[in-house]
Amino acid sequence: MRAIRIARYGGPEILLREDIPVPEPAPDEALVRLRHSGINFMDIHTRQGKYEGSRTYPVRLPTTLGIEGAGEVVALGRDVRDLRVGDRVAYCLHWGSYAEYAAVPAWRLAPVPDALPLDRAAAAMFHGLTAHDLAHDLGRAGPGVTWLVHAASGGIGQILVQMGARLGVTVYATTSTEAKAAVARTRGAAAAVPYEGFAEAVRGMTSGRGVDVVFDAVGRPTLRESLRAARRQGLVVNFGAVGGAVRDLDPIELGEAGSLFLTRPRLADHLPDGPTIRRRTADIFGALLDGTLIIEIASRHTMDDVEAAHAALEERRVVGKPILDLP
Ligand SMILES: NC(=O)c1ccc[n+]([C@@H]2O[C@H](COP(=O)([O-])OP(=O)(O)OC[C@H]3O[C@@H](n4cnc5c(N)ncnc54)[C@H](OP(=O)(O)O)[C@@H]3O)[C@@H](O)[C@H]2O)c1
């Protein structure tokens, strides 16, 4: 089968197209014929070596890139009971989806309703599950609650804004351009402001109080100012680092900013088992089907031009979700 792999860390030029054997499913795995893979910023972090030495997401070279996909089950490991050959499934957080086939632990596979096209299911898994966890488990959500969502036109940002608005939250957003701000407002943000001076802008819009929760996936360029945008005893959720990681934060800064809470969540810790995955995906797929959640496919790629998707993400040209169509 064809697969896109890396044997060392670096820029988009290190991606290898290789012919490798179709994997054999282990006893607890299913073999999935992949039709679509999501393309995520996490693939870029993986390609750059940011997970080398990670305990949560151990990456060993050489490896096939890609951490989410959708397709049909074509074979089952001998211990798998609750899946059948032919089932339409989607998954995330298992490496190897830039390929024609993947052997995936059966508990990670979520059923895809017949009415939902597989490309939309693939596009919804990683970003949808992350946003679901952030919104429902961490977001202290409800009417009267205020959030600030950075990078609100991005993959997770757009979903988070929609989920917050649906839960009654007043969502403020940051984006780098006015066109992206318009997208954030369309998704339900009460206001979208530029990054420059965002803490002051948000304080102005909350009568000087600050927001209850800040969702910050940008990291180094924004995190300190995010502390100033949060209310006293507010929560700052630093769930990504597209602009670089913050390595020098002193806990006293949280005290000085108003006895804040700071967390650095990882999706793996919020998807501990199959029932949790199926509960969250049922919610997300249901919302996609009834039109209350919109996840737009930003661009489609083949195995021959994945580099273009990586470059677009790194150059901040993506609004929504890039998808890899598999042969
Ligand atoms: N903690 C978790 O469990 C978890 C799960 C999934 C993803 N993540 C992380 O969340 C982050 C966002 O992932 P995503 O897939 O949703 O990406 P994305 O939002 O689709 O793209 C990144 C966004 O960040 C903004 N941005 C700001 N500074 C940037 C920079 N220097 N370079 C590139 N983009 C920049 C861009 O919007 P503007 O131009 O408007 O700023 C862009 O839309 C990544 O770090 C990813 O690894 C974490």
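I will try to describe carefully the structure that is included in this document. Because the structure is predicted, anything quoted here is derived from the model rather than measured.

Parameters and conventions
Residues numbered from 1 in each chain as written. Predicted model: local features only at pLDDT ≥ 70, side-chain atom pairs only at ≥ 80, totals over all residues. Heavy atoms only, no water. Buried < 20%, exposed > 50% of the residue type's maximum accessible area, 1.4 Å probe, protein only. Helix = DSSP H or I, 4+ residues; strand = E, 2+ residues; numbered from the N terminus. Pairing = 2+ DSSP bridges. Right-handed = clockwise from strand over helix to strand, strands pointing away. Contact = heavy atoms within 4.5 Å. Salt bridge = Lys/Arg side-chain N within 4 Å of Asp/Glu carboxyl O.

Looking now at the pairing of strand β9 (residues 146–149). Burial along β9 is two-sided: Thr 146 and Leu 148 facing one way and Trp 147 and Val 149 facing the other are all buried. As paired strands, β9 and strand β10 (residues 170–174) are joined by 4 bridges and run parallel to one another. Within β10, the position partnered with Thr 146 by the bridge is Thr 170. For the handedness criterion, the β-α-β arrangement of β9, helix α3 (residues 155–166) and β10 is classed as right-handed.

Moving on, we come to the environment of Ala 312. As for its placement among the helices and strands, Ala 312 is situated in helix α9 (residues 306–314). Sequence-distant contacts of Ala 312, that is, excluding residues within four places in its chain, are made with Arg 317 and Val 318.

Here we take up the pattern of salt bridges. Under the criterion given, the structure shown has 18 salt bridges. Between Arg 47 and Glu 314 there is a salt bridge, and its shortest N-O distance comes to 3.1 Å. Placement of Arg 47 in helix α1 (residues 41–48) and of Glu 314 in helix α9 is noted, with a sequence separation of 267 residues between them. Ionic pairing is found between Arg 224 and Glu 253, a salt bridge with its closest N-O pair at 2.7 Å. One end of the pair, Arg 224, is in helix α6 (residues 223–229); the other, Glu 253, is in helix α7 (residues 252–256), with 29 residues separating them in the sequence. Look at Arg 224 and you get partly exposed, because its relative accessible area is 34%. The network of salt bridges with common partners includes Asp 119, Arg 300 and Asp 325.

In short, geometric facts, not functional conclusions.
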